[in-house]
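Below are the chains, spelled out letter by letter.
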Amino acid sequence: MASIRLTLDDEAATLRCAGVLAACAQPGMLLLLEGPLAAGKTTFARGFLRALGHLGQVKSPTFTVVESYYLPCFTVHHFDLYRINDPDELHYLGFDDFLAGDALCLIEWPSRAAHALPSATVAIHWQLGVGESREITLECGDENLYKTLHVELKKCFISVL
Ligand SMILES: Nc1ncnc2c1ncn2[C@@H]1O[C@H](COP(=O)(O)OP(=O)(O)O)[C@@H](O)[C@H]1O
Ligand SMILES: [Mg+2]
């Protein structure tokens, strides 16, 4: 699978990176956001939703598991599976129905869903760097999307590998 690595120096960089991804967003996409607490996954989701035109707050779905945004372009479901202890709990939340529709899904802590997830359009892995910096790796199964993301991210970030 093709991957892209880059450094996000601060919160503003995370928001800009999310904006680049949002510019390539399509209904039905599945984006997995994997990384430790406070890596910036919810911050990324906020930047992504803002770039798609969402003007209100972006609440972390830590307690609600999912927050849905009915945007003019398409619906976005933002999940945080941190509190899911058993993939069976997802079944009762109607998780499969959320994923099966035309909505775009952003999922924090996807590892909690174990095998209940279809393959991702893009999986982003965060590692904490020095101070505010974050190292991310984007894995992308679609060759065309990979090429577009690589070109667009290179325009914004000198650190792109
Ligand atoms: N490079 C960065 N990207 C994103 N957030 C950062 C960065 N550096 C520091 N922060 C801070 O780290 C926190 C990230 O929180 P959040 O996005 O909720 O993380 P997560 O959802 O991964 O647990 C915020 O308080 C944010 O201001
Ligand atoms: Mg979060």
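The structure presented is a predicted model; accordingly, all values stated were derived computationally and were not measured.

What follows is about the site of ligand 1. Around ligand 1, a shell composed of 17 residues is seen, among which Thr14, Gly40, Lys41, Thr42 and Thr43 lie nearest. Of all the elements in the fold, those that place two or more residues in the shell around ligand 1 are helix H1 (11–23) and helix H2 (41–51). Classifying every residue of the shell around ligand 1 gives 5 nonpolar, 6 polar and 6 charged.

Glancing now at the pairing of strand S6 (residues 122–128). Every regular strand shows the same layout, with side chains that alternate between the two sheet faces. Pairing analysis gives 4 bridges linking strand S2 (residues 30–34) to S6, with the strands arranged parallel. Its bridge partner being in S6, leucine 31 is matched across the sheet by valine 122. Pairing of S6 with strand S7 (residues 134–140), which is carried by 7 bridges, proceeds in the antiparallel orientation. When the sheet's bridge partners are listed, alanine 123 is paired in S7 with glutamate 139. Between S6 and the antiparallel strand that follows it, S7, lie 5 residues; glycine 131 among them carries a positive phi value of about 60 degrees.

On to the packing of H1 against H2, then. Contact geometry for H1 and H2: axes closest at 7 Å, N-to-C directions at 50 degrees. The angle between the axes of H1 and H2 places the two elements in the oblique class. Between H1 and H2 lies a crossing whose hand is right-handed. Residues Glu11, Thr14, Leu15, Ala18, Gly19, Leu21, Ala22 and Ala23 of H1 lie in contact with H2, whose contacting residues are Thr43, Phe44, Gly47, Phe48 and Ala51.

For the rest of this paragraph, the subject is unusual backbone geometry. Even without glycine at this site, alanine 38 takes up a positive phi of about 70 degrees. Structurally, alanine 38 can be placed in the loop between S2 and H2. Residue classification places alanine 38 among the exposed residues on the basis of 11 C-beta atoms within 10 Å. The backbone phi angle of valine 65 is positive, close to 70 degrees, even though this residue is not glycine. In this structure, valine 65 sits in the loop between H2 and strand S3 (66–70). With 17 C-beta atoms packed within 10 Å, valine 65 lands in the partly exposed category.

Across the sheet, which stays open at both edges, the 7 strands sit in the order S1-S7-S6-S2-S5-S4-S3 with mixed pairing between neighbours. The open sheet terminates on both sides in strands that have one partner only, identified here as strand S1 (2–8) and S3. Neighbour-to-neighbour, the strand axes of the sheet open up by a mean angle of 15 degrees, direction not taken into account. Where strand S4 (residues 75–80) meets strand S5 (residues 104–108), 5 bridges bridge the pair, whose relative direction is parallel. By the bridge assignment, histidine 78 is partnered in S5 with leucine 106. Across the sheet, H2 lies against S2, S3, S4, S5 and S6, angled at about 160 degrees from S5, the strand it touches most.

Reading the values: the criteria
- Residues numbered from 1 in each chain as written.
- Chains lettered and ligands numbered in written order.
- Predicted model: local features only at pLDDT ≥ 70, side-chain atom pairs only at ≥ 80, totals over all residues.
- Near = placed C-beta within 6 Å.
- Helix = DSSP H or I, 4+ residues; strand = E, 2+ residues; numbered from the N terminus.
- Nonpolar A, V, L, I, M, F, W, Y, C, P; charged D, E, K, R; others polar.
- Pairing = 2+ DSSP bridges.
- Axes fitted to C-alpha atoms, helices over the stretch in contact; angles between N-to-C directions.
- Parallel < 35°, antiparallel > 145°, perpendicular 65-115°, else oblique.
- Left-handed = near helix turned anticlockwise from the far one by under 90°.
- Contact = placed C-beta atoms within 7 Å.
- Buried ≥ 20, exposed ≤ 12 C-beta atoms within 10 Å, placed from the backbone.

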